[in-house]
Amino acid sequence: MADPRISPETRLATYLLGAALIICGSSINSAAATLCVNPLGRRGCFNTISAAVAAASPNDTIQVAKGLYPEQVIIGKSLSLIGQDQRNTTIEAKGLSNGIYIDGIDNPGLSNVLVMGFTVTKANFEGILVANASSITISDNIVKRNDLALVISGSEESCPGLPDFETSEQDDCGEGIHLLGADHSIVRNNLVENNSGGVLISDDTAPSVYNLISGNTVTNNPYDCGITLASHPAFGGAPASFGVTNNTVYQNTSTANGLAIPGAGAGVGIFASVPGANSSSNSAINNILTNNGLPGVTMHSHTPGQNLTNNLIVGNLISGNAADTGDAATSGPTGINVFGISPATGTIISGNGITKESLDIVVNTPANVDAHFNNLVDKAVGVQNLSTGVVDATENYWGCATGPGTAGCTSVSGTGTVLFVPFGISPF
């Protein structure tokens, strides 16, 4: 568990340093060869990506020319797979499980894979699936119109044929990009659109820890969140869950996700699904979270015995999102909702700018929550506390210089205690 006293900036610097080492380390190998692929197999190249992967030795680079590649690419060794142009170097996996599957389940210890420069589309399940692998980089791709096996019947969703080891993806077919049991991996600068959901980190088969989701645009994924960190039941049943911890979601744009069904998806969701689930010590930093079908940042713990602690929500721009639903329901459009039947202790909400919401921050968990240096404007409810814990909301800007509840300012509501003095007299 991360020390909550460590600042989000320090955590982020640590992750970015690790990311740089991963990228540099994966590119340095004097004995590595470069293989090539083009659709007609000309000039000594392969005509399928899968054939090049099969022929490659560990740490080789595969360069793929522009063109359409109707295949599923399964990677079980360390290598770099680089497309010439993400707009028209296309892996089309129509009728197949995934566009790209980085398979550490059947290749234990798999690490140091780079995938960049592709459009990945029309897979039955995930466009890109990373399972039980370390130090993977998924960069500068377009991942669109995947999860085609998803069946929608009224408000019910199912995904026939999904592998058994994906324990909780029946309602979304795994989303566009899925890190499942991955660690120290990077998903950066991708466009993820028109899948069932956007980017998912889960722990069905192994812990998912120290991953960085950065610089992505995640939009118009109608049936789930833009970016999801979810602790699921462990495949095989022991332990209850492996844990989704110490992951960072940084400088992404997540907009217009989860709109097809009421309450389908947040901008960023941090969830614990079953008793024993662990979604803790994660950070959502400097993201733009707008017009999603649940609150901009949504945190849920629905039963006792879950760990939803020490999560940071820092520096995000949040606007125009919807209300939460079910047992976590909020009474109107909401910026941030912290709902935890298990106490969500150590939650820090700081430096966010929240506009065009009826409720800026809602807390409903039997724990103390800190919320400081946020800009809470538009004459909304700035902080609503529905819990038995205390929300320390001192040093926020409430939309005017005279503090919450005065003319032109946002307000405080709920049954629980909200501390708000001293407050900021100008925007932070």
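For the structure, see preceding data.
All of the points below concern the structure found in this document.

With that out of the way, let us pick up the overall build of the chain. For the chain, the helix and strand inventory stands at two helices and 42 strands. A compact globule built from 428 residues should have a C-alpha radius of gyration of about 22 Å, and the chain, at 22 Å, falls within 12% of that. Structurally, the chain occupies a C-alpha span of about 75 × 45 × 40 Å along its principal axes. For the chain, buried positions account for 56% of its 428 residues. Taking the intrachain contacts of the chain between residues at least 6 apart in sequence as the baseline, contacts between residues at least 24 apart amount to 68%. Of the accessible surface of the chain, which amounts to about 15,200 Å², a share of 56% is contributed by carbon and sulfur atoms. Side-chain charges of the chain comprise 14 positive and 32 negative groups, with the mean position of each set lying 15 Å from the other.

In terms of strand pairing, strand β3 (residues 67-69) meets strand β6 (residues 89-92) through three bridges, oriented parallel. Among the inter-strand pairings, L68 is bridged to a residue of β6, identified as T90. Examined bridge by bridge, β6 and strand β9 (residues 119-121) share three bridges and lie parallel to one another. Bridge pairing links I91 to V120 in β9.

Looking now at the sheet that holds strand β19 (residues 208-209). Reading across from one edge, β19-β23-β27 is the order of the three strands in this open sheet, with parallel pairing throughout. Of all the strands in the sheet, just β19 and β27 (279-280) have a single pairing partner and so form its edges. Note that β19 and strand β23 (residues 244-245) share two bridges and pair parallel. By the bridge assignment for β23, S208 is matched with V244.

Analysis parameters
- Residues numbered from 1 in each chain as written.
- Predicted model: local features only at pLDDT ≥ 70, side-chain atom pairs only at ≥ 80, totals over all residues.
- Heavy atoms only, no water.
- Helix = DSSP H or I, 4+ residues; strand = E, 2+ residues; numbered from the N terminus.
- Rg over C-alpha atoms; globule rule 2.2 N^0.38 Å.
- Buried < 20%, exposed > 50% of the residue type's maximum accessible area, 1.4 Å probe, protein only.
- Contact = heavy atoms within 4.5 Å.
- Areas by Shrake-Rupley, 256 points an atom, 1.4 Å probe, with all protein chains shown as cover.
- Lys, Arg positive; Asp, Glu negative; His and termini not counted.
- Charge placed at Lys NZ, Arg CZ, Asp CG, Glu CD.
- Pairing = 2+ DSSP bridges.

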